[in-house]
Amino acid sequence: MAFNCASGRHRRPGRTSRTTAGLAGLAALTTTGVVGTLATPASAAETSVNETTGLLPVVTIGDRVADQIDEQAEAQERAAAEKAAIAKAREEREEAERRAAREAERERLRRLTMFVSPIAGSYVSTGYQAGGAVWSSGSHTGVDFHAAAGTPVRSVGRGTVVEAGWGGSYGYQVVIKMHDGTYTQYGHLSSVSVTPGQAVTPGAHIGRSGATGNVTGPHLHFEARMTAEYGSDIDPVAYLRSHGVNL
């Protein structure tokens with residue numbers, strides 16, 4: 001038996017009804033927040049109902065969101081890596097600065113404790129305990145360094161000046177208490193450049209050589225003593241060599 005339109009034959013929905021149904025589905029998704037959650041403003045504007053199927057392109061929207069998440073994750077990883085690299089570079093720079101500071105301090109202390117010859121580039125012209133009538137004690141209590149008058153005289157190490165001025169048979173002299181408790185004496189000077197109580201460092205200029213006091217010619221008389229008293233002298237060459245001075 002055949003059915004006609006009047007008798008209820010089923011027809012395929014028209015384009016208008018499919019579109020209306022699709023829009024209704026979109027409205028429903030919007031109401032529940034699904035579309036609003038997945039679509040960015042730009043993608044939401046592009047979203048439309050497929051006129052053939054009546055379905056929303058939800059899969060496409062999901063891919064776009066996933067791509068955005070991946071991009072954000074990669075950006076965060078790059079930022080974290082850059083931050084770690086900056087922190088490492090800063091740590092290495094600070095460690096290098098600390099090493100340089102330690103080395104500078106070691107060098108400063110080395111310079112403070114080093115010893116030098118009292119006259120640069122000179123040599124011993126008269127040795128320790130040499131005999132002769134020219135010395136009141138019967139022997140030489142120090143050594144003589146060859147030096148023309150006016151040659152700069154240096155402190156052999158770090159210490160404090162305890163005498164500076166006329167010293168009788170020593171002529172103009174300087175006596176220094178060294179940082180290790182010993183004493184050094186510089187005699188027959190033509191001029192004195194320091195005063196008692198003054199601190200001196202290795203190589204500091206303390207005066208100039210000459211021929212003052214009991215001498216036969218210009219030179220520097222140098223003594224090393226265990227105390228400030230006359231008679232406590234020790235071998236000046238051995239003393240300087242024990243502190244690293246090559247003579």
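**Student:** Give me the lowdown on the pairing of strand 4 (residues 159-166), citing residues and values where you can.
**Tutor:** Pairing of strand 4 with strand 5 (residues 172-178), which is carried by seven bridges, proceeds in the antiparallel orientation. By the bridge assignment, Gly 165 is partnered in strand 5 with Gln 173. Hairpin connection, strand 4 to strand 5: the antiparallel pair is bridged by five residues, and Gly 168 has positive phi, about 65 degrees. Taken together, the two bridges between strand 4 and strand 7 (residues 199-200) define a ladder with antiparallel strand orientation.

**Student:** Requested: an account of the side chain of His 221, with residues and values cited.
**Tutor:** You can see His 221 is positioned in strand 9 (residues 220-225). By relative accessible area, which is 4% here, His 221 ends up buried. Apart from the residues within four sequence positions on either side, His 221 is in contact with His 140, Thr 141, Gly 142, Val 143, Asp 144, Tyr 170, Gln 185, Tyr 186, Gly 187 and His 188.

**Student:** Residue-level account of the confidence of the model for the protein chain, with values.
**Tutor:** In this model, the protein chain carries an average pLDDT of 81, and 72% of its residues clear a pLDDT of 70 or more. Note on residues 1-47: pLDDT under 50 across the span, and 29 contacts to partners over four residues away in sequence or across chains.

**Student:** Break down the environment of Gly 121 for me, citing the residues and quoting the values.
**Tutor:** Within the secondary structure, Gly 121 sits in the loop between helix 4 (58-113) and strand 1 (124-126). Considered as a pair, Gly 121 and His 146 are 25 residues apart in the sequence and their alpha carbons are 9.6 Å apart.

Conventions adopted
- Residues numbered from 1 in each chain as written.
- Predicted model: local features only at pLDDT ≥ 70, side-chain atom pairs only at ≥ 80, totals over all residues.
- Heavy atoms only, no water.
- Pairing = 2+ DSSP bridges.
- Helix = DSSP H or I, 4+ residues; strand = E, 2+ residues; numbered from the N terminus.
- Buried < 20%, exposed > 50% of the residue type's maximum accessible area, 1.4 Å probe, protein only.
- Contact = heavy atoms within 4.5 Å.
- pLDDT = per-residue confidence, 0-100.

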